Each structure stands twice: as structure tokens, then as C-alpha cells.
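Listed here are the chains, written in short residue letters.
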Amino acid sequence: PTSTVTYPAHANILQVDLPVVSGSASDAAPGELDKVRVSYKCVSGGCNGNFWNKAGAAWNSGTELFYEATLLSGSRWEATGASTPTWVTSGAGIVYQIFAKGVDKAGNEVAKPGAPGAGNPSFIEFTLKTPLPDSVILAPPAGEPHYRPSDLTAISGTLTSANTAQIMLTNVGASPDQVWTPG
């Protein structure tokens, strides 16, 4: 069989949440692909070069451990949920390696290459940085920018990859524009 990791791609530097790892796998006839098993290694940072250990929910295994991915249509596969690790991130980035081995019904497996790289699509290395914070104002809704103070009773929204948000209110009708200061 053959297998490829397509997301994340080799040598990528990502600054996003990573809930899905995906790729493709196949087996030449008369063989038939049975499954894809994925391993994860944390190369840098506080992970000390260990593999992901789902049972311990930590990067603490000196032995390579594999987790089964879901086979999708068209020779695609993806790993989500319990089949993926809890990624550790930092502002500078943490280096990870992912190996995806296809296994056919006869038990033949993709051999792990000696090093990750573009010539070894089943074994990749990438850097994961802490995602940038993101906020969205839900109320008041977009398209309704003008409110009298008595009509605006609440401002609400969502926030990801952060613990707090700051809002700046500006009176653009005043000359010059006025910024509201609490207190």
C-alpha cells in the first residue's frame, strides 16, 4: 500500500487550531487497503521528543503509538477526535512529525521512511504556532451601526484563542470623533 499526509503539508508553519489530519492511501490490485494508522511525534518544545499517548492524554511515550484514521470515499482518510492529539503550541512554534501508514488486508504496511520530507509523503514535519485570537460581535448585528444609548442594552459576541476582549466605542458623528471612556 501507499499513504500520504496531505494536511498539514510538509514544512508548513501553521497558526490555527488543528482538529483534523488528512491524507490519501491506496493499494495496487489485487491488494485492498484495510486501514490507515497514524502516529504523532512532538519534536521540539516541552514534549521532549515523545510520541502522543492517547491513554495518558500526553506527549509522554518513548515508543511510537498508532491511532486508526477513518477511511473516506475516493482513497481519502482523516483523523479527528480521539485519533488526533491535544496539540501543544507556543508563539515561536512547536515542531511535530506525522507518519501515516497504510495497511492492506494481507497485513502489508507502508514502511516508515528514515526522515520526513517532500520525497516521503507518508512522513511529514510541520510547525504549529499558537493561533491568533479572533472575535466576532454578534449583537448588535452588522448593518445596524447607529444606536441611541438607551437602545443599546448589551454588546455580545464570540471569542476564540483568547481569554478577554476589549471593545472600543466611537461616536463618529461628533467632530472630532469621540471615544467612550468608562467611568
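Presented here is a report on the structure given in the accompanying data block. (Residues numbered from 1 in each chain as written. Predicted model: local features only at pLDDT ≥ 70, side-chain atom pairs only at ≥ 80, totals over all residues. Heavy atoms only, no water.)

Some words on the environment of valine 179
No. 1: The residue valine 179 is located in strand S15 (residues 178-179) in this model.
No. 2: Considered as a pair, valine 179 and serine 156 are 23 residues apart in the sequence and their alpha carbons are 19 Å apart.
No. 3: In contact with valine 179, other than residues within four places in its own chain, are Met168, Leu169 and Thr170. (Helix = DSSP H or I, 4+ residues; strand = E, 2+ residues; numbered from the N terminus. Contact = heavy atoms within 4.5 Å.)

Looking at the state of the cysteines
No. 1: A complete count under the given rule lists one disulfide for this structure.
No. 2: Here cysteine 42 pairs with cysteine 47 through a disulfide, and the sulfurs are 2.3 Å apart. Note on the cysteine 42 and cysteine 47 pair: the S-S dihedral is about 65 degrees, so by sign convention the disulfide is right-handed.
No. 3: Since its relative accessible area comes to 0%, cysteine 42 is described here as buried. (Disulfide = S-S within 2.5 Å. Buried < 20%, exposed > 50% of the residue type's maximum accessible area, 1.4 Å probe, protein only.)

Some points on the packing of aromatic side chains
No. 1: Applying the stated rule across the entire model yields nine aromatic pairs.
No. 2: One aromatic cluster is present, formed by Tyr40, Trp52, Trp59, Trp87, Tyr96 and Phe126 through successive ring pairs.
No. 3: Over the face of the ring belonging to phenylalanine 66 we find lysine 101, whose NZ or CZ atom lies 4.1 Å from the ring centre. (Phe/Tyr/Trp six-rings, centres within 6.5 Å; stacked < 30°, edge-to-face > 60°. Lys NZ or Arg CZ within 6 Å of the ring centre and 35° of its normal.)

What about unusual backbone geometry?
For residues besides glycine, phi is generally negative; the peptide bonds are generally trans as well.
No. 1: Here the bond from tyrosine 7 into proline 8 is cis, since omega is 0 degrees, no more than 30 degrees from zero.
No. 2: Along the chain, proline 8 falls in the loop between strand S1 (2-7) and strand S2 (13-14).
No. 3: Here the bond from alanine 29 into proline 30 is cis, since omega is 10 degrees, no more than 30 degrees from zero.
No. 4: Tracing the backbone through its elements, the reader meets proline 30 in the loop between strand S3 (20-26) and strand S4 (33-42).
No. 5: A positive phi angle, close to 55 degrees, is found at asparagine 48, a residue other than glycine.
No. 6: Position of asparagine 48 relative to the elements: it lies in the loop between S4 and strand S5 (51-53).
No. 7: The exposure class of asparagine 48 is exposed, given its relative accessible area of 65%.
No. 8: A positive phi is found at serine 75, a non-glycine position, where the angle reads about 65 degrees.
No. 9: For serine 75, a relative accessible area of 39% puts it in the partly exposed group.

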